[in-house]
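Secondary and tertiary structure notes
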Amino acid sequence: MSTTVSSHAEKNNLVGVECLLELPKTLSKSNKKWQVAFIKIYCSRTLLNCAKHAIGKPGLFPRSLSYTAIDLDRHQDHHKDFKIDQETLNDLVKNKNQEKLESLGGPKGLVSALKTNTRLGINEEADEIQRRRSTFGSNTYTRPPSKSLIHFVIEAFKDLTILILLGCATLSLGFGIKEHGLKEGWYDGGSIFVAVFLVVAVSAVSNFRQNRQFDKLSKVSSNIKIDVVRNGRRQEISIFDIVVGDIICLNIGDQVPADGVFVEGHSLHVDESSMTGESDHVEVNLNGNTFLFSGTKVADGFGKMVVTSVGMNTAWGQMMSHISRDTNEQTPLQTRLDKLTSSIGKVGLLVAFLVLLVLLIRYFTGSTKDESGKREYNGKNTKSDEIVNAVVEMVAAAVTIIVVAIPEGLPLAVTLTLAYSMKRMMKDQAMVRKLSACETMGSATTICTDKTGTLTLNQMKVIDSWFGLESGKASPSSTLSRKVVELFHQGVAMNTTGSVFKAKGSSSEYEFSGSPTEKAILSWAVGELKMDMEEVIREHEVVHVEAFNSEKKRSGVLIKKRGEMTVHWKGAAEKILAMCCTYYDGSGVVREIQEDDKVQFENIIQSMAAKSLRCIAFAYSEDGETKKLKEEKLSLLGIVGIKDPCRPGVKKAVEDCQFAGVNIKMITGDNIFTARAIAVECGILTPEDETNEDAVLEGEAFRSYTQQQRLEKVERIKVMARSSPFDKLLMVKCLKELGHVVAVTGDGTNDAPALKEADIGLSMGIQGTEVAKESSDIVILDDNFASVATVLKWGRCVYNNIQKFIQFQLTVNVAALVINFVAAVSAGEVPLTAVQLLWVNLIMDTLGALALATEKPTNDLMKNKPVGRTAPLITNVMWRNLLAQAFYQISVLLVLQFRGRSIFGVTERVKNTLIFNTFVLCQVFNEFNARSLEKKNVFRGLHKNRLFVGIIVVTVVLQVVMVEFLKRFADTERLNWGQWGVCLAIAAASWPIGWLVKSVPVPEKHFFSYLKWTKRS
């Protein structure tokens, strides 16, 4: 039994067991057997009930195969493994309880209580991780349940037109049953019910699937990678795998993944606005505020924290559990489509009202006749039921015209194409965070891109070095003086945010962590200069740190060894050179930097930069102050050149974008020579740009221009070197002011303003900070510029697909409205019944949207110019195509309406069936025409779009079923082979008409702009 049970409780337990086991002597033999059986059953059930798990740890002796052990300690409390419980940990950080922290022995005492280590972290064995997870919880939070399918069904039924149709169907059903009996009278009303439910079901399922897709994307975007130390090794793990006791490494731009306490680091400032609403950054250090909250962002500096609370035990987790992702986000295109839908709906409402008015007038004046030729209305002789039934049918017909006229399929088409493109873009290494970015990217006219990691591989390696004025190739590191090597060891090991790890054993290799630049320098120092990082860190104490930032482009550290203070700086070569007045040569002799020497150093930097190398210089000074790092009269130790090769395929991607009419601008922090070399290699700078003086310039020069000068020059700038995030923001604002649609790539925290200001913010998934990702619209998962070009293609595809669907739907709308209106006015009846129009609506809205909104992007899209900010949604080309097809359909169907019976010698019902069948088949054939707005060959790539082919086949099969087998439901008559042939021939004529119409040129200036010009004049 558990040793924690008190002796008093143990005594009572023993007495109870003895009473149970002691058999009364007076019992008979048979009763004794029953008593023993009872005891066995009781004890067995008690043991099984107590058993939590079998003890699996091997002992000193081998166990038999039948060995089983049961842990009877049911109430095992894992908190007893630690010197602190969850309640205390929660109170510690949430209430910033400094007194409680001090009583535990400060951060060091807390680390000890959680059985972890600041330098080594926790043990990464699965049992240890599971023990901490079961004791303190996992770093996940419960989300509100996703909307169910029933929710979307109810939402679909809230549509006013659907409710009116249901009302009409109910009345029609009631009067039909009353007049003809249940067996015959349910057809009219019942068929409308079935059609309405079918439309609702398809709409609800589509919205439900789209919602599920957004939920999946939300989970992917939440799964960020965090740097932790486990077993002394720095590694990346999922934010969901973090446990209490983990040592987290924090750098600029990182999100704090859980509540915790600061244990070491320098100049750490945190943005707590997400929790407190305060915009001022909070300093975190060992002497004052040591508490860090989940969900906050690191604004500056670096450090380590020990995790104290995770998941639902944090304030952030509790807050996020009540927040669900808003999938009702309205994109700019959806807003424009809502206006279009509203305008078309008003026209449809007017036509429906006129049709209803004409039908009512014709009915009550006795102008309408039934199938036998008798007048339908005979004044007082007509039964009230017949009048109401007739009026209900007219209202249903009018409402159905509204249903067909209102293009509710447009929002569905946008939703479908956005959801489909988002899913496909994930496979193409782009995660969409904001829906609007999908379509806006298609209109982009300029892309401002970073260099490092986007145009280049971000796989850096030191390939050149200079010690003083001597090349590292000519003077190997083995010939360097001990003093220079020792100073380099200090400058590299102490002035870094990276780390070096080597597992125990002589054969194991070194592992380097940190930014690619840091890893390249550490690898070079360990390999070439034989640096032992752990030994250097042990011998020195960090007094003060100035973290690297993109403004100063350098980082510094003040260290102490045996009471002696030393300052080390590392950064952009020309910046560090400007801070130096002396330099060390390879033999360790300190020399003055003369004017000639300075020119020579500048030539060395330029020659390395011309080879696309990033130049990093190291400098130091022995005159260290305790509060501020010395920034002048330093001694230059050396310069290293880091190579970051261009990504394969990036030149082709740049050329594709330029061919598509999109300007590419490179904005980098590297010096002007490195920037120029990379820009030439990537194809951003072409031979023609050599005559353009403004093609390449530095950020400082751009900053110094007046606003007017910037606006005049910004379009000619191709490369901006030595730029700050402010320069990038300034360029974005200038381009937007000139009417450009701007896309910007960024990975740093300081890029956030430019990412937010741009029309499309593109952050980097690998090197990007969490701040940059949250400020962006799309995350490029592989940091590759080729993926940016793919996003551009997808953006154009989304816009193009929606235009195709608009053209297709407006053709049907125009044709259906004109036919029904003309027929109602002239003949007093509508040739297409409510059920038939609902079927057309289903084909047009849902199946049509599925077929046209899921077309994949083609290379032809990249041959067009950008759409821009103010281009009309319905272009002249679309008007030309849809009006031609609508005119053809109206002409043919009106001929069938007024001359169909005499031409084919058929009854009224067969004539109406011919009109319905021809109308539907015209839409099926016109769907092929809609696949391309301008290309004459509409069958190109058809075999690749199986969904389109499948929808066409399904539509045709269902149409055959409607006409041939659902006569009562659809109010149709069977057609013979000849009549089917006529319907198909009329519908197929839309192909050659489409081919001919596309040969007709249209002006680039929009038709409506002429109307505006006429009004003005």
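Residues numbered from 1 in each chain as written. Predicted model: local features only at pLDDT ≥ 70, side-chain atom pairs only at ≥ 80, totals over all residues. Heavy atoms only, no water.

**Focus on the overall build of the protein chain**
Summing up its helical and strand segments, the protein chain has 36 helices and 26 strands in all. For the protein chain, the proportion of contacts with a sequence separation of at least 24, taken over those separated by at least 6, is 71%. Total accessible area on the protein chain is roughly 48700 Å²; 56% of this is exposed by carbon and sulfur atoms. (Helix = DSSP H or I, 4+ residues; strand = E, 2+ residues; numbered from the N terminus. Contact = heavy atoms within 4.5 Å. Areas by Shrake-Rupley, 256 points an atom, 1.4 Å probe, with all protein chains shown as cover.)

**Comments concerning unusual backbone geometry**
Of note in the backbone geometry, Lys115 takes a positive phi value of approximately 55° without being a glycine. Along the chain, Lys115 turns up in the loop between helix H5 (106-113) and helix H6 (126-136). Look at Lys115 and you get partly exposed, because its relative accessible area is 46%. Phi at Arg562 takes a positive value of approximately 55°, unusual for a residue other than glycine. Relative to the assigned elements, Arg562 resides in the loop between strand E15 (554-561) and strand E16 (564-572). (Buried < 20%, exposed > 50% of the residue type's maximum accessible area, 1.4 Å probe, protein only.)

**A word on the pairing of strand E19 (residues 613-621)**
Of all 9 residues in E19, 9 are buried, a share of seventy percent or more. Judged by which residues are buried, E19 turns out to be covered on both faces: Leu613, Cys615, Ala617, Ala619 and Ser621 on one side and Arg614, Ile616, Phe618 and Tyr620 on the other are all buried. As paired strands, E16 and E19 are joined by 6 bridges and run antiparallel to one another. Each bridged residue has a counterpart across the sheet, and for His568 the counterpart in E19 is Tyr620. (Pairing = 2+ DSSP bridges.)

**Points about empty space enclosed by the protein**
If you walk through the whole model with that rule in mind, you get 2 cavities of 30 Å³ or more. The calculated volume of the largest cavity comes to roughly 60 Å³. Taken together, Gln807, Asn881, Gln885, Asn926, Asn929, Gly994, Val997 and Lys998 make up the full set of residues lining the largest cavity. When residues of the lining of the largest cavity are traced back to their parent elements, those giving at least two are helix H30 (876-904), helix H31 (908-929) and helix H35 (990-997). For the lining of the largest cavity, the residue count by class is 1 nonpolar, 6 polar and 1 charged. A volume near 30 Å³ is recorded for the second largest cavity. Lining the second largest cavity are Lys451, Ser612, Leu613, Arg614, Ile642, Asp644, Asp670 and Thr674. (1 Å grid on protein atoms, 1.4 Å probe; cavity = no way out; pocket = protein on both sides within 12 Å on 5 of 7 lines; lining within 4 Å. Points joined across faces, edges and corners; volume = space filled by probe spheres on them. Nonpolar A, V, L, I, M, F, W, Y, C, P; charged D, E, K, R; others polar.)

**A few points about the pattern of salt bridges**
Inspection of the entire model under this criterion finds 32 salt bridges. The residue Lys483 makes a salt bridge to Glu622 at a minimum N-O spacing of 3.4 Å. Of this pair, Lys483 sits in helix H16 (residues 482-493) while Glu622 is found in the loop between E19 and strand E20 (634-643), placing the two residues 139 residues apart along the sequence. The closest approach of N and O atoms between Glu534 and Arg538, which form a salt bridge, is 3.9 Å. Remark: Arg538 and Glu534 occur in helix H18 (residues 533-539); sequence separation between them is 4 residues, near one turn of the helix. By relative accessible area, Arg538 is classed as exposed at 62%. Salt bridges sharing common partners tie together Glu128, Arg131 and Arg132. (Salt bridge = Lys/Arg side-chain N within 4 Å of Asp/Glu carboxyl O.)

**Quick notes on H35**
Turning to H35, its buried residues number three or more, namely Ser990, Gly994 and Val997. Down the axis of H35, the buried set is contained in an arc of 65°. They therefore lie on one face. On its buried face, H35 is in contact with H30, H31 and helix H34 (977-988). (Arc of directions from axis to C-beta.)

**A look at the confidence of the model for the protein chain**
Per-residue pLDDT for the protein chain averages 81, and the proportion of residues at 70 or more is 84%. In the model, residues 1-16 has pLDDT below 50 throughout and makes 4 contacts with residues more than four positions away in sequence or in other chains. Contacts from residues 1010-1017, a stretch scored under 50 in pLDDT, to residues over four places away or in other chains number 2 contacts. (pLDDT = per-residue confidence, 0-100.)

**Notes on the state of the cysteines**
Counted according to the given criterion, the structure contains 0 disulfides. Cys580 forms no disulfide, and the closest cysteine sulfur to it belongs to Cys581, at a distance of 7.5 Å. Owing to a relative accessible area of 12%, Cys580 belongs among the buried residues under this scheme. (Disulfide = S-S within 2.5 Å.)

**Regarding helix H17 (residues 516-528)**
The terminal C-alpha atoms of H17 lie 18 Å apart, and with 13 residues this matches the ideal 18 Å at 1.5 Å per residue to within 8%. Residues Pro516, Thr517, Glu518, Ala520, Ile521, Leu522, Trp524, Ala525 and Val526 constitute the buried set of H17. Once H17 ends, the next one or two residues include Lys530, with phi positive near 55°. (Expected span 1.5 Å × (residues − 1).)

**Re the packing of H30 against H31**
Remark: H30 packs on H31, axes separated minimally by 9 Å, with the N-to-C direction vectors making an angle of 160°. With respect to their mutual orientation, H30 and H31 come out roughly antiparallel. The chirality of how H30 crosses H31 is right-handed. Contact with H30, carried on its side by Gln885, Gln889, Leu893, Leu896, Gln897, Gly900, Arg901 and Phe904, involves Glu908, Lys911, Asn912, Leu914, Ile915, Thr918, Phe919, Cys922, Gln923, Asn926 and Asn929 of H31 and no other residues of that element. Here the residues of the contact of H30 with H31 sort into 7 nonpolar, 9 polar and 3 charged. (Axes fitted to C-alpha atoms, helices over the stretch in contact; angles between N-to-C directions. Parallel < 35°, antiparallel > 145°, perpendicular 65-115°, else oblique. Left-handed = near helix turned anticlockwise from the far one by under 90°.)

**A few points about the packing of aromatic side chains**
As enumerated under the stated definition, the model contains 17 aromatic pairs in all. These aromatic residues form a ring-pair network of at least three members: Phe925, Phe928, Phe939, Phe948 and Trp991. The side chain of Arg554 reaches across the aromatic face of Trp569, ending 4.8 Å from its centre. Its end group placed over the ring of Trp995, Lys936 keeps NZ or CZ at 4.5 Å from the ring centre. (Phe/Tyr/Trp six-rings, centres within 6.5 Å; stacked < 30°, edge-to-face > 60°. Lys NZ or Arg CZ within 6 Å of the ring centre and 35° of its normal.)

**Considerations on a positive patch on the surface**
Where like charges cluster on the molecular surface, the positive patch consists of Arg143, Arg209, Arg212, Lys216, Lys219, Lys423, Lys427, Lys856, Lys944 and Arg946. Broken down by secondary-structure element, the contributors of at least two residues to the positive patch are helix H9 (187-222) and helix H14 (409-427). In terms of residue count, H9 provides more of the positive patch than any other element does, 4 residues in total. Here Arg946 shows up in helix H32 (residues 946-964). (Patch = residues over 30% accessible without salt bridge, like charges linked within 9 Å, V, L, I, M, F, W, Y side chains within 5 Å. Lys, Arg positive; Asp, Glu negative; His and termini not counted. Charge placed at Lys NZ, Arg CZ, Asp CG, Glu CD.)

**Let's talk about the pairing of strand E1 (residues 225-230)**
Burial runs high along E1: 5 of the 6 residues are buried. As defined by bridge partners, E1 adjoins strand E2 (residues 233-238) across 6 bridges and the pair is classed as antiparallel. Residue pairing in the sheet places Arg230 in a bridge with Arg233 of E2. The loop that links E1 with its antiparallel partner E2 comprises 2 residues; one of these, Asn231, has a positive phi angle of about 55°. Relative to strand E3 (residues 247-250), E1 runs antiparallel, the two sharing 2 bridges.

**Here's the deal with the nonpolar core**
Ranked by internal contacts, the top residues of the largest apolar core, which has 65 residues, are Phe916 and Phe919. The element that contributes the greatest number of residues to this core is H31, accounting for 9 residues. Excluding residues that lie within four positions of it along the chain, Phe916 makes contacts with Leu832, Gln836, Trp839, Val840, Gln959, Met962, Val963 and Thr972. Among the nonpolar cores identified, the runner-up in size contains 64 residues, and Leu762, Ile780, Val791 and Val798 belong to it. (Core = buried A, V, L, I, M, F, W, Y, C linked by side-chain atoms within 4.5 Å.)

**Concerning the sheet that holds strand E9 (residues 446-449)**
The strand order across the open sheet built from 8 strands is E8-E26-E25-E24-E9-E21-E23-E22, with neighbouring strands paired in mixed fashion. A single partner strand is all that each edge strand has here, and the edge strands are strand E8 (430-432) and strand E22 (696-698). Going from strand to strand, the sheet's axes swing by 20° on average, the running direction of each strand aside. By the bridge criterion, 3 bridges tie strand E25 (residues 760-764) to strand E26 (residues 778-780) in an arrangement that is parallel. Residue pairing in the sheet places Leu762 in a bridge with Ile778 of E26.

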